[in-house]
Amino acid sequence: MKKLAFITFFVLFSGLMQASVPVITQEDKDQAAALVKQMTLQEKISFISGWKDKFYTFPVERLGIKSILLADGPQGVRSIGDKAENSTYYPCGLAVAASWNRDVAYGVGTGIGQDARARGISIMLCPGVNIYRNALCGRNFEYYGEDPYLASEQAVSYINGIQEQGVIATIKHFCMNNQEYSRHTVSSNADERTMNEIYFPTFRKAVENGVGAVMTSYNGVNGVHSAENQWLIKYNLRERWGFQSLVMSDWRSNYTPLGSATSGLDLEMPMGYALNYENLKPLLDNGVIAESDIDEKCRHLLQTYIAFGCLGREPDPRIPLDNPESHAKAYKAAVEGPVLLKNAGGVLPLKGGKILLVGPNADYIPFGGGSGRMYPFPERTTTLYQGLSALGGKYKVTFRSGIPTKPSELDKIQYIVVAVGYNKDTEKEDADRTYALPAGQDELIQAAVATGKKVIVVVYSGGEVDMTKWADQVDAVLMAWYTGQESGRALADILSGKVSPSGRLPFTFWGSWEKNPVSRLSYNRQWISTKLYGANQKFLKRVAAYEYVDYNEGVFVGYRGVEHFGVEPLYAFGYGLTYSSFDYSNLRVDKVDGHGVNVTFTVTNTGRCAAAEVAQVYVAPVNPSIIRPDHELKGYEKLFLGKGESHTITLTLPESAFSYYDKGSHDWTFDPCKYRILVGASASDIRLTEDLLF
Ligand code: BGC
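This section reports on the structure supplied with the text. Small disclaimer: the values here were computed from a predicted structure and weren't measured.

Considerations on the environment of Gln 303
Right, so step 1: Residue position: Gln 303 is located in helix H12 (residues 291-307).
Right, so step 2: Look at Gln 303 and you get buried, because its relative accessible area is 6%.
Right, so step 3: C-alpha separation for the pair Gln 303 and Thr 25, spaced 278 residues apart in sequence, amounts to 8.4 Å.
Right, so step 4: If sequence neighbours within four positions are ignored, Gln 303 has contacts with Ile 24, Asp 28, Lys 29, Ala 32 and Gln 244.

What follows is the structure, given as structure tokens:
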């Protein structure tokens, strides 16, 4: 009882936690409606777009409606208003997905939520959850990989973490932002089933779990700009999924006043280029739109702000700006995200001795560029060089800009660690990146190989890279992603064996650009816009010709395409090595009510050290009613097991795990065919199977 009283006191008075995600109540709606009734038309129109310095909403001081402060996301709180500020730098979205641990995602979300509260920020512009369709998309690093189930689970945990702090999370970019090239002038085109099975589920799950905001994408969808796309916003988000909170545009992605006013969009950011008085008044006067359309937008905004209690929010002085709790969350994510792809002869963990560290990312904290960048760096950052040097003891680390050529210098070295990859200039928003590593990096790795020493390559990137020139010759490859402020410490702990690597690929590592079926199935076509432009929008007048990108691979994205197209990837989705080994046994599949099943199995750590296994459950329809992917991820659990330890788990698969999207009924439908339940360590390393008939 005493403990309970203490916890209640702590929660109430620390202000650091809220018990649950705020939900919009009828009272919130009534209060919002009452406020809207008191607003003038001019105030209402101003209220539905951003205000000064790009990250504020418009205040209506007369009614006590204060401005709301927004900030990017997703790797931490990037700025206060338009000014970049130091804040905890967490690993990128792809690393959070690669942890395959919901607790990691929740921890990062909680940390970001607290960092936001400490700075008076009410809306975080994250997470980004667009599907990883190919390696080149410049924003893959911000997103959660190729699988809608993994992305949904991780993203919802992250969103819960943020929103439990009373901060609104924004899921973005709705939808199909799968390339950055031509992002203002490209339309992503896919059929209804593909969208519902691959590109919608993460957004939908977030909506069903109470996300407070949705941001539309720059790219168009099936020929209509996302912010002006009624089918996306009014029909799918609102009507089908019941979204009651706010929909905002991406920064400068509205093209016509009428399209923006009627799509279901509530807030144009960062300013009212389309949604302003000058543009909307004639539409209202001529009866093209009604004032009630504007009222509805204002109500969506206000009821969200009221539910989250963020009208008039100030920085919370009880939460430290430089918060040790946030650092701990950043470390946990940094140590669980990296994926070990290769470890020939058990070269890792490093056994000690003289280690030479080279490469552009060896004594630098790389980060992806654009709105998700975390710059300036928070004071607490550790580069790989600092992290490895701090190990001390048997590890003698030197850093050089290149490979020494003198035999006398080389003789003393035992290992060479080469830190390569991209950075803010080579992997970023508003551009796609190269598949090959930036200039000179392949050559550096090859020079390291030529010394005859053991070579460990650490790659910082937002996805797959071209390793064809050296993959066979190096001893180990560790994908670090963008690992955040704790990068060096976490990677040193993995390389030295203090912690076993535990990340798994959240996408298919094809091994060459041509192997990814998307590389040959996607066609660009011209789309000539017939849009009208707002009178005061010089910027938008330039945009007249568009391109279509057709998603001809349909639902067969990533590992779903492996069997379908008959291409063998270099490393499968879900793959990743540890310093141990695991056995799977005793699979049991039991039907539970309706069309759900319980999948029970045992995992045993059979190796030499404590490590984590990511047990993955896939569902394979054996004789489906329509052509479906060979198997799809429907459950996973990360299990931390000591040496020799076993654990039996039960994962429940709901009916939706056996359903597909039916174009005829425009809805998900259960497929009463024969199924095979697959349990294993990756999409292609299946250890246990059991057939199931409903
Ligand atoms: C990005 C968004 C971001 C916004 C505000 C845009 O360029 O696409 O993801 O939230 O800028 O910085």
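Back to the text.
Brief notes about the pattern of salt bridges
Right, so step 1: Enumeration according to the criterion identifies 38 salt bridges in this entry.
Right, so step 2: With its nearest N and O atoms 2.9 Å apart, the salt bridge here joins Glu 153 to Arg 102. One end of the pair, Glu 153, is in helix H6 (residues 148-163); the other, Arg 102, is in helix H5 (residues 102-118), and 51 residues separate them in sequence.

Things to note about the packing of aromatic side chains
To describe a pair of aromatic rings, one takes the distance between the centres and the angle between the planes.
Right, so step 1: All told, the structure shown has 33 aromatic pairs when counted by the stated rule.
Right, so step 2: Through pairs of rings, three or more aromatic residues link up here, namely Trp 100, Tyr 149, Tyr 559, Phe 573, Tyr 618 and Tyr 636.
Right, so step 3: Looking at Lys 52, its charged tip hangs above the ring of Tyr 56, at a distance of 4.6 Å from the centre.
Right, so step 4: Across from the ring centre of Tyr 636, 4.0 Å away, lies the NZ or CZ of Arg 102, which sits over that ring.

Here's the deal with H5
Right, so step 1: Helix length check: H5 (17 residues) gives 24 Å between terminal C-alpha atoms against 24 Å at 1.5 Å per residue, within 8%.
Right, so step 2: Along H5, 15 of the 17 residues are buried, which leaves the element largely enclosed by surrounding structure.
Right, so step 3: By the N-cap criterion, in which a side-chain oxygen at the helix start approaches the backbone nitrogen of a residue two or three places on, H5 is capped by Asn 101, the distance to Asp 103 being 2.9 Å.

Digging into the sheet that holds strand E22 (residues 596-605)
Right, so step 1: The three strands are arranged E21-E22-E25 in an open sheet whose pairing can be described as antiparallel. Looking at strand neighbours, the two that pair on one side only are strand E21 (582-592) and strand E25 (646-653), the edges of this open sheet. The sheet shows a mean angle of 15° between the axes of neighbouring strands, direction not considered.
Right, so step 2: Where E21 meets E22, nine bridges bridge the pair, whose relative direction is antiparallel.

With respect to helix H16 (residues 441-450)
Since the α-helix packs 3.6 residues into each turn, any two residues three or four apart lie on the same face.
Right, so step 1: Residues of H16 that are buried include every one of Gln 441, Asp 442, Leu 444, Ile 445, Ala 448 and Val 449, and no others. Buried residues along H16 cover an arc of 160° about the axis, so they all sit on one side.
Right, so step 2: Those residues of H16 that are buried lie in contact with strand E14 (353-358), strand E16 (415-421) and strand E17 (454-460).
Right, so step 3: Remark: Gly 452 follows H16 within two positions and exhibits a positive phi of approximately 85°.

Some points on the site of the ligand
Right, so step 1: Around the ligand there are 14 residues in total, and Asp 72, Arg 139, His 173, Asp 250 and Glu 429 lie nearest to it.
Right, so step 2: Within the side chain of Tyr 218, an N or O atom sits 3.0 Å from an oxygen atom of the ligand.
Right, so step 3: Protein burial of the ligand: of its 310 Å² of free accessible surface, 93% is covered by the chains.
Right, so step 4: By residue class, the composition of the shell around the ligand is five nonpolar, two polar and seven charged.

What about unusual backbone geometry?
Right, so step 1: Put simply, Phe 174 and Cys 175 share a cis peptide bond, and its omega is -10°.
Right, so step 2: Within the secondary structure, Cys 175 sits in the loop between strand E7 (168-174) and strand E8 (186-189).
Right, so step 3: Residue Met 269 is joined to Pro 270 through a cis peptide bond whose omega torsion reads 0°.
Right, so step 4: By the element assignment, Pro 270 lies in the loop between helix H10 (257-262) and helix H11 (277-285).
Right, so step 5: Of note, Asp 53 is a non-glycine position whose phi angle comes to about 55°, a positive value.
Right, so step 6: As for its position among the elements, Asp 53 is in the loop between strand E1 (50-51) and strand E2 (56-57).
Right, so step 7: Despite not being glycine, Trp 100 shows a phi value in the positive range, around 45°.
Right, so step 8: Considering the arrangement of structural elements, one finds Trp 100 in the loop between helix H4 (93-98) and H5.

Scoring rules and cut-offs
Residues numbered from 1 in each chain as written. Predicted model: local features only at pLDDT ≥ 70, side-chain atom pairs only at ≥ 80, totals over all residues. Heavy atoms only, no water. Helix = DSSP H or I, 4+ residues; strand = E, 2+ residues; numbered from the N terminus. Buried < 20%, exposed > 50% of the residue type's maximum accessible area, 1.4 Å probe, protein only. Contact = heavy atoms within 4.5 Å. Salt bridge = Lys/Arg side-chain N within 4 Å of Asp/Glu carboxyl O. Phe/Tyr/Trp six-rings, centres within 6.5 Å; stacked < 30°, edge-to-face > 60°. Lys NZ or Arg CZ within 6 Å of the ring centre and 35° of its normal. Expected span 1.5 Å × (residues − 1). Polar contact = N/O pair within 3.5 Å; in protein donor to acceptor, adjacent residues only side chain to side chain. Pairing = 2+ DSSP bridges. Axes fitted to C-alpha atoms, helices over the stretch in contact; angles between N-to-C directions. Arc of directions from axis to C-beta. Near = heavy atom within 4 Å. Areas by Shrake-Rupley, 256 points an atom, 1.4 Å probe, with all protein chains shown as cover. Nonpolar A, V, L, I, M, F, W, Y, C, P; charged D, E, K, R; others polar.

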